[in-house]
Amino acid sequence: MSLNRYEQALFDYWDKQPDERRHWQAKVVGTARLSAAPGEAARTLERELWEHFTERSPHVPALRELSAGGLRRVSLLNLAEHLLRLWGPPPKPKKPASPPG
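Because the structure is a prediction, the values reported are computed rather than measured.

Here's the deal with the packing of aromatic side chains
Summed over the entire model, instances satisfying the criterion amount to 5 aromatic pairs. Relative to W87, the ring of F11 lies with its centre 6.4 Å away and its plane at 25°, an arrangement referred to as stacked. Pair noted here: F11 is in helix α1 (residues 5–16) and W87 is in helix α5 (residues 77–87), with a separation of 76 residues, a long-range link. Just as F11 is buried, W87 falls in that class too. Chaining the aromatic ring pairs together yields one cluster made of F11, W14, W24 and W87. Above the face of the W24 ring, K27 is positioned so that its terminal group lies 5.6 Å from the ring centre.

Spelled out as structure tokens, the structure:
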């Protein structure tokens, strides 16, 4: 999966901030458990990730550089989907198809 530079910068920031990473790991798990539709969790996380990005960008140099010319809304959906695969609960196993008969 390819992340855009905003997504990669946010992910790299969490590597250096274990408390933030743990917070987001818990948020990913909680969101995945509460979401009914498969894409709902990713869309919910994407909105929360953007809010987090805008809140942290004035204070984190790597994020501030990306918003130097003014902050424009960027999709963080790839990051949300990546986090769900990385930290979310494992998918439920599919039931085997019953043999025709």
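Quick word on the pattern of salt bridges
The full count for this structure, using the stated rule, is 6 salt bridges. In this structure, E20 and R56 form a salt bridge, with 3.6 Å as the shortest nitrogen-oxygen distance. Here E20, found in helix α2 (residues 18–34), pairs with R56, found in helix α3 (residues 38–56); they are 36 residues apart in sequence, far enough to count as distant. On the basis of relative accessible area, R56 is assigned to the buried category, the value being 18%.

Rules of the game
- Residues numbered from 1 in each chain as written.
- Predicted model: local features only at pLDDT ≥ 70, side-chain atom pairs only at ≥ 80, totals over all residues.
- Heavy atoms only, no water.
- Phe/Tyr/Trp six-rings, centres within 6.5 Å; stacked < 30°, edge-to-face > 60°.
- Helix = DSSP H or I, 4+ residues; strand = E, 2+ residues; numbered from the N terminus.
- Buried < 20%, exposed > 50% of the residue type's maximum accessible area, 1.4 Å probe, protein only.
- Lys NZ or Arg CZ within 6 Å of the ring centre and 35° of its normal.
- Salt bridge = Lys/Arg side-chain N within 4 Å of Asp/Glu carboxyl O.

Such coordinate-based values are descriptive only and should not be taken to indicate function.
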